[in-house]
Amino acid sequence: MDDLNISKWEELCKKELKGKSSEDIKWTTPEGFQMKAFYTKKDLENLEHTDTIAGLFPYIRGPRATMYANRPWTIRQYAGFSTAEESNAFYKKNLQMGQKGLSVAFDLATHRGYDSDHERVFGDVGKAGVAIDSVEDMKILFNDIPLDKMSVSMTMNGAVLPILAAYIVAAKEQGVSQDKLMGTIQNDILKEFMVRNTYIYPPKMSMRIIADIIEYTSKYMPKYNSISISGYHMQEAGADAVHELAFTIADGLEYCKCAIDKGLDIDSFAPRLSFFFAVGMNFYMEIAKLRAARLLWAESLEQFKPKNPKSSMLRTHCQTSGWSLTEQDPYNNLIRTTIEAMAAVLGGTQSLHTNAMDEAIALPSENSARWARNTQLIIQEETNICKIIDPFGGSYFMESLTHSLANEARKVLKEIDSMGGMSKAIEQGYPKLKIEECAARKQAKIDLGDDVIVGVNKYQLKEEAELDVLEVDNKLVLKNQIKRLNEVKAKRDNKLVEQCLSKIKESAKTGNGNLLSLSIDAMEARCTLGEVSEIIASVSPRYEASNSLVSGVYGSHFSEDKDYLKFSNDIKCFSKKHGRNPRIYIAKMGQDGHDRGARIIASAFADLGFDVDVGPLFQTPSEVARAAMESDVHAIGVSSLAGGHKTLIPALINELKILDCSDIQVFCGGVIPKQDYQSLYKDGVFGIFGPGTPILESANNILNKLDK
């Protein structure tokens, strides 16, 4: 478009905008990009790689030349339901209905390396995934599913050694050798230290484990992806696209350096590295993010001088956002997931999981899981989308956005490099701080109504209909798991078990040997997941994260808000009346490490004038009760996301009674189905704040009740 036509367009804009100019229809993204409403050829001036070809370096338009025109992305629904038997039945039904690959969700006890009979996990067994204690559970999980033909993705990071080892042994006992196994183990511990928190060991031992897995799989499992470098949980924790992209690429580079330090050649493992990104509601940005990720990975790998082109190809799995799902008016989530799935596909993902519409409330029901899967089937089968390779290629707008995003991510990568790499940056708390700042900023914009969420802060329903949700009988699952665990221990050769565990301990101490190889021997001898995890923890004790909070970010958006100013005055009145500020203790109980909600509440309440104590992750009810008593708080706020509320919260209230601290009030928030509210109120909870509750509203509610 020449200057004359641009001038004509500006004149038309002024006419339609009643005297204003095109400058007045610019907008700003969460990443701080100033976006125009109209792009021209000029926006591509001085940009590289705007006319690249799919399948060729730097792979912006896709890692394969033909992309979906030859083979659509893999439909890989993430699921695990309490027991291995139930999960197995669910997998087989989904495979019959069109799903192409398996993606296994484990329960939180398994993630954290505890057997089901451990005292710390009574509220977590079978919640948010399948419980795995031994090879026997893994064999049931994949019963009648041919592992030489089925690609299996497993989301596991903390207890990655016993889980991957149990999978290899289960396949062997099914008659499938490890060289035929296809799929991916997530094995991405660095992001656990930033956001998801299902770590077990400190960074040094964790990176040793990753290097051993990369070494072993590169030698013996040529079809298997040894790591899935994950940005997904960063976005779920609040990261904007720039930070999700930069931190994910930085993690990948750190793993490459770790493997090279182990003596591996880049081409011996890099072709089997894969990535995992979240796809949220920022439609254009998500498409650009996947294109920019391929560009950044290809250029970043050049430092290692790969000879195999596949080493530089970023291949990714994507999952639609769980955070964008709302408890309010939940059928809207079907539309949100469809939009996000479209962005993932138009961005060129290699596989995709679509979230179910009721996941902001509970585990997905059978119906909602079917709708989620069918979302992908309809896009693949009914739209002709698969017939065009990178339909946004060459777009003035999309190419400009892709390069803007890549340029901002490069700045963050440079900063991380100046710190000495991602491990050093994590030790300094840099990524966690940046992500929490993004999350607090986003929450403030939602609470102010600047960012619209339909059904939550605009166009709300007057009356919400209840959904039928899936509920797991935790007590029954726990009973069955412990029974099977005892049977395994009764039948095994305990002398052999001790020998296997002793070898793992020696290797963990000395650094000699390969921990995955030794774990395979141990699981074959019927050692349990907890035993393998704990023997390493005896050498490298369980990691405990620091608890510093972001301050001032949430409050800075409310400096002129009338309700905020009134609340500040109410806090002063409370303090004058009671001789101190209202004091609350924010708690996460059980093994759920997802702490975005808890940390936003803690940070925002502190900005609002509360005195806030934040407990460490993974506390038991008795530990929370004692800490709250010692801190002399008025109330405890419990964040629950993994279905443990019906066991853990009543246990906490009982512990407060034992300590004669019943005057400490308990409120809770998170993913709690409304049909559970009455039982929690009956147990003694004084307030429940579901997803989407404005923070100022919940703070007002709590202050009023504490002031009585």
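The following refers to the structure shown. (Residues numbered from 1 in each chain as written. Predicted model: local features only at pLDDT ≥ 70, side-chain atom pairs only at ≥ 80, totals over all residues. Heavy atoms only, no water.)

### Let's talk about the overall build of the protein chain
When its secondary structure is counted, the protein chain shows 27 helices and 16 strands. Expected size for 708 residues packed as a compact globule is a radius of gyration near 27 Å; at 26 Å, the protein chain falls within 12% of this value. Along the first, second and third principal axes, the C-alpha atoms of the protein chain reach 85 × 70 × 50 Å. Of all intrachain contacts in the protein chain linking residues separated by at least 6 positions in sequence, the fraction that spans at least 24 positions is 78%. Approximately 29100 Å² of the protein chain is accessible, and the part contributed by carbon and sulfur atoms is 50%. Averaging the locations of the 84 positively and 94 negatively charged side chains of the protein chain gives two centres separated by 2 Å. (Helix = DSSP H or I, 4+ residues; strand = E, 2+ residues; numbered from the N terminus. Rg over C-alpha atoms; globule rule 2.2 N^0.38 Å. Contact = heavy atoms within 4.5 Å. Areas by Shrake-Rupley, 256 points an atom, 1.4 Å probe, with all protein chains shown as cover. Lys, Arg positive; Asp, Glu negative; His and termini not counted. Charge placed at Lys NZ, Arg CZ, Asp CG, Glu CD.)

### Points about unusual backbone geometry
Across the junction of Phe57 and Pro58, the peptide omega takes the value 0 degrees, indicating a cis bond. Turning to its location among the elements, Pro58 is positioned in the loop between β2 (34–35) and α2 (67–70). One non-glycine residue, Tyr59, lies in positive phi territory at about 65 degrees. On the basis of relative accessible area, Tyr59 is assigned to the buried category, the value being 4%. With a phi angle near 55 degrees, Lys305 is a residue other than glycine that sits in the positive phi range. Along the chain, Lys305 turns up in the loop between α12 (283–301) and β10 (316–320). Here Lys305 falls in the exposed class, since its relative accessible area comes to 65%. (Buried < 20%, exposed > 50% of the residue type's maximum accessible area, 1.4 Å probe, protein only.)

### Examining the state of the cysteines
Counting across every chain of the model gives 0 disulfides. Cys318 supplies the cysteine sulfur nearest to Cys438, a cysteine that is in no disulfide, at a spacing of 19 Å. Cys438 sits in the buried class, given a relative accessible area of 8%. No disulfide involves Cys668; its sulfur sits 19 Å from that of Cys661, the nearest cysteine. (Disulfide = S-S within 2.5 Å.)

### Notes on helix α8 (residues 203–220)
Its 18 residues give α8 an end-to-end C-alpha distance of 26 Å, which sits within 8% of 26 Å, the value for a rise of 1.5 Å per residue. Of all 18 residues that make up α8, 13 are buried, and the element is covered over most of its length. (Expected span 1.5 Å × (residues − 1).)

### Side note on the sheet that holds strand β15 (residues 665–670)
In space, the 5 strands of this open sheet follow the order β13-β12-β14-β15-β16, with parallel pairing throughout. What marks the edges here is a single partner per strand, and that holds for β13 (611–614) and β16 (687–689). With direction set aside, neighbouring strand axes in the sheet form an average angle of 20 degrees. Summarising the sheet, β15 and β16 pair through 3 bridges and their orientation is parallel. (Pairing = 2+ DSSP bridges. Axes fitted to C-alpha atoms, helices over the stretch in contact; angles between N-to-C directions.)

### Looking at the side chain of Lys191
Mapped onto the elements, Lys191 comes out in helix α7 (residues 190–196). On the accessibility criterion, Lys191 (0% relative accessible area) is buried. A polar side-chain atom of Lys191 sits 3.4 Å from a polar atom in the side chain of Asn157. There is a polar contact of 2.7 Å between the side chain of Lys191 and the side chain of Glu192. In this structure Lys191 touches Asn157, Gln186, Arg196, Ser230, His233, Met234, Asp251 and Tyr255, once residues within four positions along its chain are discounted. (Polar contact = N/O pair within 3.5 Å; in protein donor to acceptor, adjacent residues only side chain to side chain.)

### Quick notes on the nonpolar core
Ranked by size, the top nonpolar core spans 84 residues in total, and within it Leu245, Phe247, Ile249, Phe269, Trp297, Leu405 and Met422 carry the most contacts. Counting residues per element, this core draws most heavily on helix α10 (residues 241–261), at 12 residues. Setting aside residues up to four positions removed in sequence, Leu405 forms contacts with Phe33, Ala241, Val242, Leu245, Met285, Ala288, Lys289 and Ala292. Counting residues in each nonpolar core, the second largest holds 60 residues, with Val160, Ala170, Leu501 and Leu516 among its members. (Core = buried A, V, L, I, M, F, W, Y, C linked by side-chain atoms within 4.5 Å.)

### Brief notes about the environment of Gln481
Mapped onto the secondary structure, Gln481 falls in helix α18 (residues 474–491). Among all residues touching Gln481, those that are not within four sequence positions of it are Ser116, Val125, Ala131, Asp133 and Asp137. Of note is the side chain of Gln481, whose polar atom sits 2.9 Å from the side chain of Asp133.

### Re the pairing of strand β6 (residues 182–185)
Pairing of strand β5 (residues 151–154) with β6 involves 4 bridges; the strand directions are parallel. Paired with Ser153 across the two strands is Thr184, which belongs to β6.

### Remarks on the pairing of β13
Relative to β13, strand β12 (residues 583–587) runs parallel, the two sharing 4 bridges. What sits directly across from Ile584, in β13, is Val612. With helix α23 (residues 596–608) bridging β12 and the parallel β13, this β-α-β connection has right-handed handedness. (Right-handed = clockwise from strand over helix to strand, strands pointing away.)

### Let's talk about the environment of Ala444
Looking at where Ala444 falls in the secondary structure, it is placed in helix α17 (residues 430–448). Residue classification places Ala444 among the buried residues on the basis of a relative accessible area of 0%.

### Focus on the side chain of Glu327
In this structure, Glu327 sits in the loop between β10 and α13 (332–347). For the buried Glu327, no salt bridge is present, and the opposite-charge side chain at shortest range is Lys674, 4.9 Å distant. Leaving out residues up to four positions away in the same chain, Glu327 has contacts with Ala360, Ile361, Ile672, Lys674, Tyr677, Gly690 and Pro691. (Salt bridge = Lys/Arg side-chain N within 4 Å of Asp/Glu carboxyl O.)

### Digging into the pattern of salt bridges
In the structure shown here, the tally under the stated rule is 35 salt bridges. With a shortest N-O distance of 2.9 Å, Arg120 and Glu623 are connected by a salt bridge. Taken together, the residues Arg120 in the loop between α4 (108–111) and α5 (135–141) and Glu623 in helix α24 (residues 621–631) connect sequence positions 503 residues apart. Here Glu623 falls in the partly exposed class, since its relative accessible area comes to 32%. Residue Glu534 is joined to Arg542 by a salt bridge in which the shortest nitrogen-to-oxygen separation is 2.9 Å. Assessed through its relative accessible area of 32%, Glu534 is described here as partly exposed. Overlapping salt bridges, with partners in common, bring together Arg61, Arg291, Asp390 and Glu399 in one network.

Purely spatial values, then, with no claim about function.
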